[in-house]
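Geometric and topological summary
Below are the chains, spelled out letter by letter.
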Amino acid sequence: MARGKKKESLTPEERLQAALVPESEQPYKVPENWRWTYWGICGDFQAGSAFKNEYQGLTQYDIPFYKVGSLKYSDSNGILYDTSNTINEEIRGKLKAALIPENSIIFAKIGEAIRLNRRSMNPVECCIDNNLMSFCAKICLAKYAYFWSLGIDLYNYANATTVPAIRKSDLEKVPFPLAPYKEQQRIVDRIESLFSKLDEAKQKAQEALDSFEARKAAILHKAFTGELTAQWRKEHGVGMESWETTTLENICKVNPKKINTDGLPDDLEVSFFPMASLSEISGTITEPQTKMLKDVKSGFTNFSEGDVVFAKITPCMENGKSAIIGKLVNGIGYGTTEFYVLRCGEKLYNRYLYHMVRDITFRNQAKAVMTGAVGQQRVPKSFIEKYSLSLPPFLEQIEIVRILDNLLAKEQQAKEAAEGVLEQIDLIKKAILARAFRGELGTNDPSEESAVELVKRVLAVEPLPKARAKAVLIPKEVEEQLKSELERKIIKLYYYSDSQSLPIDTLMEVSSKKFEALESIRHLEQRGIIKKLLNGNYKLVR
């Protein structure tokens, strides 16, 4: 913000100019009746408080106490719903924790959590820990500020230190595009309407994505129980009796003997596959390496072209790291000892085996028998060798694989399409937000009062008149319909003035937080307690 005289010595006009962003520093052009001000002018930032362990984990109280992990638990509208920590007023007093007003924007202010760029809003008054910061709007709608904040990357405002941190003073100087109050509401309504439609599409895409593994597992189950090839067997005059019950050790070699490298030059180039070279997504070797034979012929697992490799260590096994070994440099390959090498016999098709070991059913059974220390658990070799299966004839295995490859390819395409939709929705939302805060959603009314009036009010450049103090009693039938103390103050103004019609400026006198007053006026109007007249005044209906 502009610097110069001390705040106390500034004239009202100088204070106003200091609160507005100079034209040369404005990020982009906004409509004529908007104003570029600073985020700190529009509301108050509040840092969080220390949250002692002895008070954590209590869930029976009324005041939520949010930690940085709570930001994961907010709905599609950004509203927090984490209830894992609550306190009461007594505990709050002991912690000396500030009470954060409802509808504040809450975000991480320290550590790598800033990089996640999460922010949420609290539906009720709350407390936050000292890894968080909040912003409470004063001259703008809370939702307007929230949607605007989604378009900025908070990590850009973190200090470049060992532990990144955001300072309140830095955020206060961030330029903020302030629209007239009514335009703010129209922008919020428009964004919520557009986002609602996008969220419906996002939910459908997410459901398709979430069900991918279940659909894939169902296809594989049909493959290994003969359902996929029922028609094929009928056409070839064979039945399920042609399937043989056996174990893997009878139809493939598990970790076959290494090749004899005697007579091979040490500088012979060979293929080498570390665990990271294998993609659990595609089930293929995506990053093959080439090494000298002398560097890998001892201490590593040897395999040949056509072998199936299966990761035996957690979490690689659970993630589905397995592949068929393709073309090797000089026909020789080595890799990590955390692979089991499965070399098929004459009865077993390697692509059939590959699909089987990638099946979630096989991996779940393998996980159940893992042994070893946590983080270093492995599937025992005996599980692989003794694994029992119903083996179809070789020709039927080929047909099963053909059908599987076709079906799974279609499922993968559907998955990628759903991922593409989700990515596009996120991009569309960003585009909507960018347009919204440039005044490009087609909602702006250039004849409305300039947003500079909002800035003037918060700076008290134009002092607001005080409501006349006189004892009044709101009729019981009206009192019963009021939902907040602010609504009561507004209705009392009608009885103070003995008038059934009041201008909005008079109604807004009830609070220094003008957006809260305007929100209350809007709620009263929606419930039919007051009504807006053609001259802009509001009439008490009840």
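Higher on the page you've got the structure.
Cut-offs used in this document
- Per chain, the residues get numbers from 1 upward, laid out in the order the sequence is written.
- In keeping with the predicted nature of the model, local features appear solely for residues at pLDDT of at least 70, side-chain atom pairs appear and are counted solely at 80 or more, and the whole-chain, interface and lining totals rest on all residues.
- The basis for the side-chain values is all heavy atoms of the structure; hydrogens and waters are excluded.
- Any two strands are treated as partners once DSSP identifies two or more bridges connecting them.
- Secondary structure counts use DSSP, requiring at least four H or I residues in a row for a helix and at least two E residues in a row for a strand, with both numbered from the N terminus.
- Every axis corresponds to a line fitted to the C-alpha atoms, with the helix fit spanning only the stretch in contact, and the corresponding angles, defined between N-to-C directions, vary from 0 to 180 degrees.
- By the convention used here, residues are in contact when the closest approach between their heavy atoms is within 4.5 Å.
- Partly exposed describes any residue whose relative accessible area lies between the buried limit of under 20% and the exposed limit of over 50%, with all areas from a 1.4 Å probe on protein chains only and scaled to the type maximum.
- For classification, angles of less than 35 degrees are called roughly parallel, those exceeding 145 degrees roughly antiparallel, those between 65 and 115 degrees roughly perpendicular, and all remaining angles oblique.
- By the convention adopted, Pro, Cys, Tyr, Trp, Phe, Met, Ile, Leu, Val and Ala count as nonpolar, Lys, Arg, Asp and Glu as charged, and the other residues, Gly among them, as polar.
- Site definitions follow a grid-based scheme: protein atoms alone, a 1 Å grid, a 1.4 Å probe that fits but cannot get out for cavities, and for pockets an open set with protein on both sides within 12 Å along at least five of seven lines, plus lining residues having an atom within 4 Å of a point.
- Grid points are joined across faces, edges and corners, and a volume is the space filled by probe spheres set on the points.
- Throughout, the arc means that of the directions going from the helix axis to the C-beta atoms.
- Only the six-membered ring of Trp is used, alongside the rings of Phe and Tyr, when aromatic pairs are assigned; centres must lie within 6.5 Å, and planes under 30 degrees apart are stacked while those over 60 apart are edge-to-face, with the rest tilted.
- Charge-over-ring placement is defined geometrically: NZ (Lys) or CZ (Arg) within 6 Å of the ring centre, and within 35 degrees of the ring normal.
- For this analysis, a salt bridge means a side-chain nitrogen from Lys or Arg found within 4 Å of a carboxyl oxygen belonging to Asp or Glu.
- Throughout, nonpolar core names a set of buried Ala, Val, Leu, Ile, Met, Phe, Trp, Tyr and Cys residues whose side chains join them through atoms within 4.5 Å.
- Positive charges come from Lys and Arg, negative ones from Asp and Glu, while His and the chain ends are left out of the count.
- Polar contacts, as counted here, are pairs of nitrogen or oxygen atoms within 3.5 Å of one another; within protein the pair requires one atom able to donate a hydrogen and one able to accept it, and residues that are adjacent in sequence qualify only if both atoms are side-chain atoms.

So, the sheet that holds strand 24 (residues 538–540)
One open sheet accounts for three strands, arranged 22-24-23; its pairing is antiparallel. The open sheet terminates on both sides in strands that have one partner only, identified here as strand 22 (501–502) and strand 23 (530–532). The sheet contact formed by strand 22 and strand 24 spans two bridges and is antiparallel. Paired with Leu502 across the two strands is Tyr538, which belongs to strand 24.

Quick look at the sheet that holds strand 11 (residues 252–254)
Two strands in a sheet stick together by hydrogen bonds in their backbones, pointing the same way (parallel) or opposite ways (antiparallel). Strand order in this open sheet of four strands is 11-20-17-18, and the pairing throughout is antiparallel. Edge strands, defined here as strands with exactly one partner in the open sheet, are strand 11 and strand 18 (322–324). In this sheet, neighbouring strand axes are inclined to one another by 20 degrees on average, regardless of whether the strands run parallel or antiparallel. Summarising the sheet, strand 17 (residues 308–311) and strand 20 (residues 339–344) pair through four bridges and their orientation is antiparallel. Among the inter-strand pairings, Val308 is bridged to a residue of strand 20, identified as Leu342. Where helix 11 (residues 350–358) meets the sheet, its contacts fall on strand 17, strand 18 and strand 20, and the angle it forms with strand 18 comes to roughly 170 degrees.

Considering the pairing of strand 17
The side-chain alternation of strand 17 yields two buried faces, one formed by Val308 and Phe310 and the other by Val309 and Ala311. Sheet analysis places strand 17 next to strand 18, joined by three bridges and oriented antiparallel. Across the sheet, Val309 pairs through a bridge with Ala323, a residue of strand 18.

Focus: the packing of helix 11 against helix 12 (residues 360–368)
Relative to each other, helix 11 and helix 12 sit at 60 degrees, their axes nearing to 5 Å. Here helix 11 lies oblique to helix 12, going by the angle between them. Taking contact as the criterion, the partners of Met356, Val357 and Arg358 in helix 11 are, on helix 12, Ile360, Phe362 and Arg363. Per-class residue counts for the contact of helix 11 with helix 12 are four nonpolar, no polar and two charged.

Some remarks on empty space enclosed by the protein
Taken as a whole and judged by the stated rule, the model has one cavity of 30 Å³ or more. In this structure, the largest cavity encloses a volume near 30 Å³. The wall of the largest cavity is formed by Glu213, Lys216, Ala217, Leu220, Arg358, Asp359, Ile360 and Arg363. Taken together, the elements giving at least two residues each to the lining of the largest cavity come down to helix 6 (212–224) and helix 12. Take the lining of the largest cavity: its biggest share by element is four residues, from helix 6.

Topic: helix 12
Those residues of helix 12 lying buried are Phe362, Arg363 and Ala366. Down the axis of helix 12, the sector holding all buried residues measures 95 degrees, keeping them to one side. Here the buried face of helix 12 lies against helix 8 (248–251), strand 17, helix 10 (316–319), helix 11 and helix 13 (381–386).

Examining the packing of aromatic side chains
This structure, assessed with the given rule, holds 21 aromatic pairs. The rings of Trp39, Phe45, Phe107, Phe135, Tyr144, Trp148, Phe176 and Phe437 are connected pair by pair, giving a single aromatic cluster. It is Lys415 that lies over the ring of Phe212; its NZ or CZ is 5.5 Å from the centre. Between the NZ or CZ atom of Arg438 and the centre of the ring of Tyr28, over which it lies, the distance is 3.9 Å.

Observations regarding the pattern of salt bridges
One pass over the structure, following the stated rule, counts 27 salt bridges. Here Glu183 ties to Arg186 by a salt bridge, and the two come within 3.1 Å at their closest N and O atoms. Pair noted here: Glu183 and Arg186 are both in helix 5 (residues 181–210), with a separation of three residues, about one helical turn. Assessed through its relative accessible area of 27%, Arg186 is described here as partly exposed. Arg488 serves as the salt-bridge partner of Glu479, at 2.6 Å between the closest nitrogen and oxygen. A relative accessible area of 28% means that Glu479 is categorised as partly exposed. Residue classification places Arg488 among the partly exposed positions, given a relative accessible area of 24%. Shared partners join several salt bridges into a network, and the residues in it are Glu183, Arg186 and Glu448.

Describing the layout of surface pockets
Of the volumes computed, that of the largest pocket is approximately 880 Å³. Surrounding the largest pocket, 26 residues form its lining, Tyr146, Leu150, Lys202, Asp426 and Lys429 being those nearest its centre. Mapped onto the lining of the largest pocket, the elements with two or more residues apiece are helix 3 (142–149), helix 5 and helix 14 (394–436). Looking at the lining of the largest pocket, the element that brings in the most residues is helix 5, giving seven residues. By residue class, the composition of the lining of the largest pocket is seven nonpolar, nine polar and 10 charged. Contributing to the lining of the second largest pocket are 24 residues, with Glu102, Asn103, Phe515, Glu516 and Glu519 lying nearest its centre. Those elements that place two or more of their residues in the lining of the second largest pocket are helix 3, helix 5, helix 17 (485–497) and helix 19 (514–526). Per element, the largest residue contribution to the lining of the second largest pocket is six residues, and it comes from helix 19.

Regarding unusual backbone geometry
A cis amide bond links Thr314 with the next residue in sequence, Pro315, at an omega value of -5 degrees. Tracing the backbone shows Pro315 in the loop between strand 17 and helix 10. Positive phi, close to 60 degrees, is recorded for Asn117, a residue that is not glycine. Locating Asn117 in the fold gives a position in the loop between strand 5 (105–108) and strand 6 (119–121).

Considerations on the nonpolar core
If you look at the biggest cluster of nonpolar residues, it comprises 85 residues, and the most contacted ones within it are Trp39, Tyr144, Ile191 and Ile491. The element that contributes the greatest number of residues to this core is helix 5, accounting for seven residues.

Concerning the side chain of Arg119
Along the polypeptide, Arg119 turns up in strand 6. For the buried Arg119, no salt bridge is present, and the opposite-charge side chain at shortest range is Asp153, 5.8 Å distant. Within the structure, Arg119 has its side chain in polar contact with the side chain of Asn117 (distance 2.3 Å). Within the structure, the side chain of Arg119 is placed 3.4 Å from the backbone oxygen of Ile152, a separation counted as a polar contact.

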